[in-house]
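The lines below spell out each chain.
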Amino acid sequence: MSEEASSSTAMMANPVSYHKLPINERKCKVVKRQMFTKMKRAKNTEKKKRRKAAEEMREAMGDEAPPKPVPHTIESLRPADITTVDADDEEVAKDTQMDDFAAYFNCETPPKVLVTTNKKSSLGTRKFVDELVNVIPNSEYSKRGKVDMKCLVKQSVDAGFTDIIVVNEDMKKPNSIIVCHLPEGPTATFRLTSVVLKKQLKRHGNATTHRPEVILNNFSTRLGHSIGRMMGSLFHYDPQFRGRNCVTFHNQRDFIFFRRHRYVFKNNVKVGLQELGPRFTLKLRRVQKGTFDTTTGEYEWYYNHKQMDVNRRTFFL
């Protein structure tokens, strides 16, 4: 008699011992899945009880309670970066007064943005561009046609535009965005992912024509500080607070998450949010000095995954 037949005979002869087997010795996948789910629920319940007991003890001790432990995440274990910008850094403050965005942040030049696509854009890309124009109230859409990028930059400077946004596509889906600040740059190229249009969002709101408030979150390095200023300069420096619209660029692990909301004050403590759309994610690929030039342009920073993806805890924005 084989070993499998003898083991099955023993289980049938003694069913109590079979039901006491640990999960790693079970053969039925359905039973193993049920046991694992039950163990996971019990573990989560015990974890909630410990957390609740710790909170009650902390409230009872008051000011004498020990500080909360900091969880170990990729952000908390991030190595020190010499390019990190402090809020009171005088050198950074002097540099920002003379950079390419100083005229905007000094409220001297209102933004005027030109939004376009690649030469042969698909319907999905044009829908995304329409919502992008709706997000930036001081923007205009222009059909690209057969105009080269260098000619487009020259025509935009003559027309008085301060920025150009070019949405490129691949397989009839938008996959990258080029932001070119005029008239002297810089130019940034981003990888575009996770595009969700307004109609694809559940319980979305309808946006108004008010100029939104801009929130730039977690841009901590010199490079991130420049990218944040570039994103902020696309919107008007005088928001209309009556519209209660806000646009957020949240940087987390070098991914820039874009969201657009309308907020309402329910009382003195609670605030309600309604997403207006669209939502998308940007990943910086390269930053070029001056306007767009692929032949003689000088790059300030570019993404090299062989050198930059060695340590997962190293971030650049």
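For the structure itself, consult the block above.
What you see is a predicted model, and the numbers here were worked out from it, not measured in a lab. Sequence order as written defines the numbering, with residues in each chain counted from 1. Owing to the predicted nature of the model, reporting of local features is limited to residues with pLDDT of at least 70; listing and counting of side-chain atom pairs is limited to 80 or more, with chain, interface and lining totals taken over all residues. Note that the side-chain values use all heavy atoms of the structure and ignore hydrogens as well as water.

Draft legend 1. Here's a closer look at the overall build of the protein. Along its length, the protein carries nine helices and eleven strands. As defined in this context, the radius of gyration uses C-alpha atoms, and a globule is described by 2.2 Å times the residue total to the power 0.38. Over its C-alpha trace the protein gives a radius of gyration of 27 Å, far above what one expects of a compact globule, namely 20 Å for 317 residues. Expressed as lengths along the three principal axes of its C-alpha atoms, the size of the protein is roughly 90 × 60 × 45 Å. Going through the 317 residues of the protein one by one, you find that 35% of them count as buried. Here, two residues are considered to be in contact whenever any of their heavy atoms come within 4.5 Å of each other. Considering only contacts within the protein whose residues lie at least 6 apart along the sequence, 64% involve residues at least 24 apart. Here the protein has roughly 21,000 Å² of accessible surface; of this, 53% comes from carbon and sulfur atoms. Here Asp and Glu are counted as negative and Lys and Arg as positive; His is not counted, and neither are the chain ends. Charge coordinates come from a single atom per side chain, which is NZ of Lys, CZ of Arg, CG of Asp or CD of Glu. Separation of charge centres in the protein, based on 56 positive and 37 negative side chains, amounts to 12 Å. Helix and strand assignments follow DSSP, with helices taken as H or I runs no shorter than four residues and strands as E runs no shorter than two, numbered in order from the N terminus. Think of it in three bands: residues with accessible area under 20% of the maximum for their type are buried, residues over 50% are exposed, and the middle band is partly exposed, with areas taken using a 1.4 Å probe on protein chains only. Note that accessible areas follow from Shrake-Rupley with a 1.4 Å probe, and for residues the cover is restricted to the protein chains shown.

Draft legend 2. A look at helix α7 (residues 149-159). Looking only at α7, the buried set comprises Met149, Leu152, Val153 and Ser156. End-on, the buried residues of α7 take up no more than an arc of 100°, which puts them together on one face. Away from its buried face, by an angle of more than 90 degrees, α7 presents the exposed residues Lys154 and Asp158. Residues of α7 that are buried sit in contact with β1 (113-117), β3 (163-170) and β4 (173-181). Following α7 by one or two positions, glycine 160 adopts a phi angle in the positive range, close to 90°. This arc describes the spread of directions from the helix axis toward the C-beta atoms.

Draft legend 3. The packing of aromatic side chains, seen in detail. Under the pairing criterion, centres of Phe, Tyr and Trp rings, with the six-membered ring standing for Trp, must be within 6.5 Å; the plane angle then separates stacked pairs below 30 degrees from edge-to-face pairs above 60, leaving the rest tilted. Within this structure, the stated rule accounts for eight aromatic pairs. Their ring planes at 55° and their centres at 5.9 Å tell us that tryptophan 301 and phenylalanine 316 sit as a pair that is tilted. Residue tryptophan 301 is found in strand β11 (residues 299-302), and its partner phenylalanine 316 is found in the segment after α9 (305-308); the two are separated by 15 residues along the sequence. Residue classification places phenylalanine 316 among the partly exposed positions, given a relative accessible area of 22%. We note lysine 112 situated over the ring of phenylalanine 161; from NZ or CZ to the ring centre the distance is 4.7 Å. Working rule: Lys NZ or Arg CZ, within 6 Å of ring centre, within 35 degrees of ring normal, means a charge sits over the ring. The lysine or arginine in question, lysine 283, covers the ring of phenylalanine 255, its NZ or CZ lying 4.4 Å from the ring centre.

Draft legend 4. Spatial organisation of unusual backbone geometry. Looking along the chain, the bond that leaves leucine 182 and enters proline 183 is cis, with omega of 5°. Relative to the helices and strands, proline 183 resides in the loop between β4 and β5 (187-196). Note the cis peptide between glycine 185 and proline 186, where omega equals 5°. Inspection of the secondary structure assignment puts proline 186 in the loop between β4 and β5. In this structure, arginine 244 takes a positive phi of about 55° despite not being glycine. Along the polypeptide, arginine 244 turns up in the loop between α8 (222-232) and β7 (245-252).

Draft legend 5. Summary view of a positive patch on the surface. Nonpolar side chains (Val, Leu, Ile, Met, Phe, Trp, Tyr) within 5 Å and like charges within 9 Å form the patches, drawn only from residues with over 30% relative accessible area and no salt bridge. Within this document, salt bridges are pairs made up of a side-chain nitrogen of Lys or Arg and a carboxyl oxygen of Asp or Glu, the two lying within 4 Å of each other. Side chains of Lys43, Lys47, Lys48, Arg50 and Arg51 sit close together on the surface and give a patch of like positive charge. Structurally, lysine 47 can be placed in helix α3 (residues 29-61). Take lysine 47: its relative accessible area is 44%, and that puts it in the partly exposed class.

Draft legend 6. Quick peek at the environment of arginine 313. Examined against the element boundaries, arginine 313 turns out to sit in the segment after α9. The class of arginine 313 is partly exposed, set by a relative accessible area of 38%. Sequence-wise, arginine 313 and proline 79 are 234 residues apart; in three dimensions their C-alpha atoms are separated by 6.9 Å. Residue contacts for arginine 313: discarding those within four places in its chain leaves Ile74, Leu77, Arg78 and Pro79.

Draft legend 7. Molecular detail of the pairing of β7. Counting buried positions along β7 yields six of eight residues, so the element is predominantly enclosed. Relative to strand β8 (residues 255-265), β7 is paired through eight bridges, and the arrangement is antiparallel. Residue valine 247 lies in a different strand from β8, and its bridge partner there is arginine 260. Between any two strands, pairing holds if DSSP finds at least two bridges. Connecting the antiparallel pair β7 and β8 is a turn made up of two residues, with arginine 253 showing a positive phi of about 55°.

Draft legend 8. Main features of the side chain of aspartate 163. Inspection of the secondary structure puts aspartate 163 in strand β3. Those residues within four positions of aspartate 163 in sequence are excluded, and the remaining contacts are Lys112, Val113, Leu114, Cys180, His181, Leu182, Ser233 and Leu234.

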